[in-house]
Amino acid sequence: MKRLITLDDFYDLYHKLKQRGFKFILSKFNTKSISRTKSTFNQTEHTSSDWWIIPAVRERWNKMISGNPKEDYISFFSNNYLSGKRNLRLISFGSGSCSAEIELAKSGIFEEIVCVDVATNQLNEASKLAKRQNINCMKFICEDVNSMEITSNYYDVVFFQASLHHFNNIKSFAENRIKMALKEKGLLVINEYVGPSRLQYPKTQIRKINEALDVIPKKFKTRYLSNLPKRKYYGSGVFRMILADPSECIDSESILPCIYSHFEIITEKPFGGSILMTVLKDISHHFLELNDEKSSILSNLFDFEDNYLKDYSSDFIFGVYQKNNA
C-alpha cells in the first residue's frame, strides 16, 4: 500500500527550506510538472547532506563495482569495455552537470558525446567547464528527451548517470528511445537507482533502515543545518514526492525488467543503497572527516547493509548491457 503523507515529508520540507530557501519552495507550487522538475535541477549551487558526499561511501561503491576502492565506475567502464576503441559516439539522457561525461570525453575514445537535459543552468555550466578544459567533442542540448529527434542506430553508447529513474513509462522509453538510438551491438550503461518507485519501500526495508539508524550514536544524528535529531524513518509520501519533483523515481522499479527484455547483460554490479542512502540522508556531514569512532560506525553500517543484501536486492546498480536483436 502506498504511503500518501508521512512525518518525514514535513522534515524534508523544513530542510529544503533551510537548504534552498523560500523561493525554491514556492517553485514547487507551479501547476506544470515539468517546471517543478526543472526547479529541482536548475540550481547549480546548493548544499546537502546525502550519502554520496561521504568519501568512505564512494570508496565502498568503487570497491563493489571495480574491486578497487580507488577506481570509480567511469575508469572501470573505460578500461574494461572501451579499451582499444576509437571514434565512438555517446548520448547521455538527463546528463545534469555532465561530470561523468566530461571524464569520458577526456579519454580520447569518443568522437562525439551528446548531453541532453531540461536543466539549462547545469548544461551551461558544463559547457563552460568543457571549454576551459579544451574538450571539443561534446554537445549540450537543452530539450525534452521524449520529444527530441534522435538518429536511429547512430550511437555506440547510451549513458545514464542517476537519471534513468526520472523517466516515466520505462518500457516505451527503452524501446523507442534507448534501443532505437543504439547501433547494432551498442552498449547501454547505467549507474542508477532501480528500487521501488516513489521510494515506496516495503515494511521490511523500513524496519531494517530504522535498525541501522539505531547503530548511530545520538550525537551524530543532528540533521544538516538544524538541531533536530533524526530519530526514526517513516517513509516517503507520494504527494510530497510528486509536488517536489514529479519525475523522481516515477517508474524506477520497471528499469531492470525492461532492460532485460531488450538487452543482454555484459556486467552488472549491485552497490547497495537499500539501507545506507536513507539512513545517512541529512546526517552525512558528520562523516566527512573520520576518526576511529566514526570509522567504526560506518564499518558497522556497511556490514549491516551487506547482511541485508544477502536476502534482498540492491537499490543501486552499475550495469553495462548490449543491444539484442529481439
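Details of the structure are given in the entry above.
Everything quoted here is computed from the prediction, not taken from an experiment.

Novice: Teacher, can you tell me more about the overall build of the chain here?
Specialist: Regarding its fold elements, the chain presents 13 helices and seven strands. Over its C-alpha trace the chain gives a radius of gyration of 20 Å, about what one expects of a compact globule, namely 20 Å for 326 residues. Considered along the principal axes of its C-alpha atoms, the chain spans approximately 55 × 45 × 45 Å. Within the chain, the fraction of its 326 residues that count as buried is 53%. Restricting the contact set of the chain to residue pairs at least 6 apart, pairs at least 24 apart contribute 81%. A total of about 15,700 Å² of accessible surface is found on the chain, and carbon and sulfur atoms cover 50% of it. A distance of 4 Å separates the average location of the 44 positive side-chain charges in the chain from that of its 38 negative side-chain charges.

Novice: Sorry if this is basic, but what is going on with helix α4 (residues 55-66) here?
Specialist: For the α-helix, the turn length of 3.6 residues means that residues three or four positions removed from each other point alike. Here α4 is twelve residues long and its end C-alpha atoms lie 16 Å apart, about the 16 Å a rise of 1.5 Å per residue gives. Turning to α4, its buried residues are A56, V57, R60, W61, N62, I65 and S66. Looking at the buried side of α4, the elements it contacts are α5 (73-81), β6 (263-270), α12 (276-280), α13 (292-309) and β7 (316-323). One or two positions beyond α4, positive phi appears at G67, with a value near 90 degrees.

Novice: Please explain the environment of V194 as it appears in this structure.
Specialist: Mapped onto the fold, V194 is located in the loop between β5 (182-193) and α9 (203-213). Using a relative accessible area of 10% as the deciding quantity, one classes V194 as buried. Through-space distance from the C-alpha of V194 to that of E264 is 17 Å; in sequence the pair is 70 residues apart. Once you skip the residues sitting within four places of it in the chain, V194 turns out to touch S252, E253, I255, L256, S314, D315, F316 and I317.

Novice: Explanation requested: the pattern of salt bridges in the structure shown.
Specialist: Side-chain pairing between opposite charges can occur once the charged atoms of the two side chains come close. For the structure shown, the criterion picks out 18 salt bridges. D50 is the salt-bridge partner of K281, the closest N and O atoms lying 4.0 Å from each other. A residue pair is termed long-range when its members are at least 10 positions apart, and K281 in the loop between α12 and α13 and D50 in the loop between α3 (33-41) and α4 qualify at 231 residues. Under the relative-accessibility criterion, K281 is labelled partly exposed at 28%. Of the charged contacts in the structure, one is a salt bridge between K106 and E103, with a shortest N-O distance of 3.1 Å.

Novice: Can you help me understand the nonpolar core in this one?
Specialist: Within the largest apolar cluster, 60 residues are counted, with the highest numbers of intra-cluster contacts made by F77, F110, M138, F159, I216, L301 and F318. Ranked by the residues each element gives to this core, the list is headed by α13, at five residues. Beyond its immediate stretch of four places on either side in the chain, F77 contacts L82, L104, V157, L187, V189, F318 and V320. Counting 29 residues, the second largest nonpolar core, distinct from the first, contains I91, F160, L256 and F263.

Novice: Help me understand the pairing of β5 in this model?
Specialist: Each regular strand displays side chains that alternate between the two surfaces of the sheet. Among the twelve residues that make up β5, nine are buried, leaving the element largely enclosed by the rest of the structure. As paired strands, strand β4 (residues 155-161) and β5 are joined by six bridges and run parallel to one another. Paired with V157 across the two strands is L187, which belongs to β5. Note that the unit made of β4, helix α8 (residues 170-181) and β5 has a crossover that is right-handed. Alignment of β5 against β7, held across seven bridges, turns out to be antiparallel. By the bridge assignment for β7, V189 is matched with V320.

Novice: Would you mind going over the packing of aromatic side chains with me for this structure?
Specialist: We describe a pair of aromatic rings using the distance from one ring centre to the other and the angle between the two ring planes. Taken as a whole and assessed by the stated rule, the structure comprises 18 aromatic pairs. Aromatic pair F93 and F160: ring centres 5.8 Å apart, planes at 55 degrees, arrangement tilted. One end of the pair, F93, is in strand β1 (residues 88-93); the other, F160, is in strand β4, with 67 residues separating them in the sequence. Residue classification places F93 among the buried residues on the basis of a relative accessible area of 0%.

Novice: Mind showing me how you'd approach α13 here?
Specialist: Its 18 residues give α13 an end-to-end C-alpha distance of 26 Å, which sits within 8% of 26 Å, the value for a rise of 1.5 Å per residue. Listing the buried residues of α13 in full gives K294, I297, L298, L301, F302, E305 and Y308. Take α13 and look down its axis: the buried residues cluster within an arc of 135 degrees, on one side only. Residues of α13 that are buried sit in contact with α4, α9 and α12. For α13, the N-terminal cap is N291; the gap from its side-chain oxygen to the backbone nitrogen of E293 is 3.1 Å.

Reading guide: rules and limits
Residues numbered from 1 in each chain as written. Predicted model: local features only at pLDDT ≥ 70, side-chain atom pairs only at ≥ 80, totals over all residues. Heavy atoms only, no water. Helix = DSSP H or I, 4+ residues; strand = E, 2+ residues; numbered from the N terminus. Rg over C-alpha atoms; globule rule 2.2 N^0.38 Å. Buried < 20%, exposed > 50% of the residue type's maximum accessible area, 1.4 Å probe, protein only. Contact = heavy atoms within 4.5 Å. Areas by Shrake-Rupley, 256 points an atom, 1.4 Å probe, with all protein chains shown as cover. Lys, Arg positive; Asp, Glu negative; His and termini not counted. Charge placed at Lys NZ, Arg CZ, Asp CG, Glu CD. Expected span 1.5 Å × (residues − 1). Salt bridge = Lys/Arg side-chain N within 4 Å of Asp/Glu carboxyl O. Core = buried A, V, L, I, M, F, W, Y, C linked by side-chain atoms within 4.5 Å. Pairing = 2+ DSSP bridges. Right-handed = clockwise from strand over helix to strand, strands pointing away. Phe/Tyr/Trp six-rings, centres within 6.5 Å; stacked < 30°, edge-to-face > 60°. Arc of directions from axis to C-beta. Polar contact = N/O pair within 3.5 Å; in protein donor to acceptor, adjacent residues only side chain to side chain.

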